[in-house]
Amino acid sequence: MLRVRFAPSPTGYLHIGSARTFIFNWLYARHNGGTVILRIDDTDVERNSQQSLDSIFEGLKWLDLGWDEFYRQSDRLDLHRQLTQVIFDKGLAYRDFTPAQADIEDKPRDAATWLYNPGAREMSQEESDRRAAAGEPFVIRFRVPRETAEDVRFNDAVYGPQSKSTADIEDFALLRSNGVPTYHMASCADDADIRISHIIRGQDHLTNTFKHVLIFRALGVEPPQFAHLPLLIAPDGSKLSKRKHGPVVSVTTYRDAGFLAHAFVNFVCLLGWSPKNDRDRMSRQELVDAFGFEGVNRANATINFSDADPFDPKAVWLNAETIRGMAIPDLCREVLPFAERAFGAAPADKMLRVTPLIQERIKLLGDVATVADFFFVRELAPYDVAELIPQKGDLAMARRALESAQRILAGAEFTHDGLDAALRAGAQELKVKAGQMFQPIRVAVCGRKNAPPLFETLETLGRETCLERIAKAIEMLEKQ
RNA sequence: GGCGCUAUCGUCUAACGGUUAGGACGGAGCCCUCUCAAGGCUUAAAUACGGGUUCGAUUCCCGUUAGCGCUACCA
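The structure contained in this document is the topic of the report that follows. Computed from a predicted structure; not experimentally measured. (Residues numbered from 1 in each chain as written. Chains lettered and ligands numbered in written order. Predicted model: local features only at pLDDT ≥ 70, side-chain atom pairs only at ≥ 80, totals over all residues. Heavy atoms only, no water.)

**What about the protein's contact with RNA strand B?**
No. 1: Around RNA strand B sit 68 residues, and of these Arg176, Leu270, Gly272, Glu360 and Arg361 come closest.
No. 2: A share of 70% is what sugar and phosphate atoms reach among the atoms of RNA strand B within 4 Å of the protein.
No. 3: Ser9 is positioned such that a nitrogen or oxygen atom in its side chain is 3.2 Å from a sugar or linking oxygen of RNA strand B.
No. 4: The separation between a sugar or linking oxygen of RNA strand B and a polar side-chain atom of Asn450 is 2.9 Å.
No. 5: Every element with two or more residues in the surface near RNA strand B is listed here: strand E5 (139-142), strand E7 (160-165), helix H5 (183-193), helix H6 (208-219), strand E12 (301-302), helix H11 (313-324), helix H18 (434-446) and helix H19 (454-461).
No. 6: Considering each element in turn, the surface near RNA strand B owes the most residues, 5 residues, to H11.
No. 7: Class assignment of the residues belonging to the surface near RNA strand B gives a composition of 21 nonpolar, 21 polar and 26 charged. (Near = heavy atom within 4 Å. Polar contact = N/O pair within 3.5 Å; in protein donor to acceptor, adjacent residues only side chain to side chain. Helix = DSSP H or I, 4+ residues; strand = E, 2+ residues; numbered from the N terminus. Nonpolar A, V, L, I, M, F, W, Y, C, P; charged D, E, K, R; others polar.)

**A look at the pattern of salt bridges**
No. 1: Counted by the stated rule, this structure contains 28 salt bridges.
No. 2: A salt bridge links Arg3 to Glu69, with the nearest nitrogen and oxygen atoms 2.9 Å apart. Pair noted here: Arg3 is in strand E1 (residues 3-6) and Glu69 is in strand E3 (residues 69-72), with a separation of 66 residues, a long-range link.
No. 3: Arg131 serves as the salt-bridge partner of Glu136, at 2.7 Å between the closest nitrogen and oxygen.
No. 4: The class of Glu136 is partly exposed, set by a relative accessible area of 28%.
No. 5: Taking relative accessible area as the criterion, Arg131 reaches 21% and is therefore assigned partly exposed.
No. 6: Through salt bridges with shared partners, one network takes in Arg5, Arg39, Asp41 and Asp191. (Salt bridge = Lys/Arg side-chain N within 4 Å of Asp/Glu carboxyl O. Buried < 20%, exposed > 50% of the residue type's maximum accessible area, 1.4 Å probe, protein only.)

**Some words on the layout of surface pockets**
Over the atoms a probe the size of a water molecule is rolled, and this reveals where empty space is left.
No. 1: Considering only enclosed or pocket space, the second largest pocket measures out at about 290 Å³ in volume.
No. 2: Trp62, Arg255, Phe259, Glu334 and Leu365 are the residues nearest the centre of the second largest pocket, which is lined by 15 residues in total.
No. 3: Of all the elements in the fold, those that place two or more residues in the lining of the second largest pocket are helix H8 (251-257), helix H9 (261-269) and helix H12 (328-343).
No. 4: Looking at the lining of the second largest pocket, the element that brings in the most residues is H12, giving 4 residues.
No. 5: For the lining of the second largest pocket, a count of residues per class yields 8 nonpolar, 3 polar and 4 charged.
No. 6: Looking at which domains feed residues into the lining of the second largest pocket, each of domain 2 (242-323) and domain 3 (331-376) supplies at least three. (1 Å grid on protein atoms, 1.4 Å probe; cavity = no way out; pocket = protein on both sides within 12 Å on 5 of 7 lines; lining within 4 Å. Points joined across faces, edges and corners; volume = space filled by probe spheres on them. Domains from an automatic or database assignment.)

In short, geometric facts, not functional conclusions.
Set out below in structure tokens:
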């Protein structure tokens, strides 16, 4: 029975690294027919926030992968306390009455005493019980075996055999003085109780795992299989943080910019994992089928972003590629909200006609705002009259082209083929190249030089709008 | 400081100890073309450094360097 869990703590938004951890957990479970568990690790009462919790759910919901079971650690305090007590009762943990040290800088790091607070570990049971009964605050610390400096071992599915001497593991806290178990304790207690079979998490927990192995052993349960993932880091080599790198590390930023959820998932999977056969664009099912720990890399992966390009170019490419591969109605449904946001209103039927024209011209759904504006706005944004002048042409040519277009469009059959034939004939008549004829029309109608192919554009815009805009352009030329 | 982990093109990565070190993104160039895209073709670009082991190291071992992580009553 394979069971994995994703255990975010609600102390920040869902960032791209956490999202990847979730995705890898999900893929591993789906690949092996296992169960995905979402557990909110909210034992740090001081730092938890509802806002953060909302952000995590929002991000996960967008990913649209789902999960099978849900737990919240704060609902399970009793279990954590109970299991802490079990360890304490076995004599594998002890009370430490030393007050919390806010300034960790003062802690002597070179001395051998960093492993535990002198006096606490050796305190007699009687004194310990007496002081606790007297109401003196204490933390419970794990009594890491010292007499025999044994090696704690586990075999990581990604990093291979790991070992660390107990001489290098400090007496870590299990229970805070406020009675709330620490992350290490609560996490292991839950993993044991919920019967997690595989712990897949960031490599930042690799060295913590030795402590966890110790806890599982003290609890008398077999530790799960561990699989640590290389970290995602910023281009400057530091770990991703909102403070330092801004909103680009948050999953919702990708959503709001117009990434398709699957393209995002696809991109993130390629960070620190490889299907090993040169594939990059993969469907969800292909990812599930291909995923395994063998393909997980051990070196940290850099997400390539900058102030100028807030998103990794490969993520953008993958998104564009995904957009191009979509059926028009599906894509239309996805862009519609972005168009509505940009233009105030975007009739669905019109969007459906515009969608094929922008499909291979947008990389992010949000690009609809700059690529398709002229389809939706009534008044074109002001543009430079000089734009109307075709290559190797002059003002007079622009004017002739537009006046000719005016006549042609008034009578032509308003379809791609009809416009194609009529406009090309018009160009011949004026003895100009097709491009010289089309360019002024395009600018008059779109307000800029770069736009989708002309005939489809005209057709979609409709005769009335086209003539209106061309008339306006001629007017502008006359004023020159 | 201690302990742990890591090191292939700018980035993501591939390569049973034997390859002209492969692919992708991005860059450059060409083609196609009514503009922009898209597409096609071409091209530049990497095994951190030093020692071993071996007939032969990107690959195995050691060291150096660099980066990251842990070293909290954070997770």
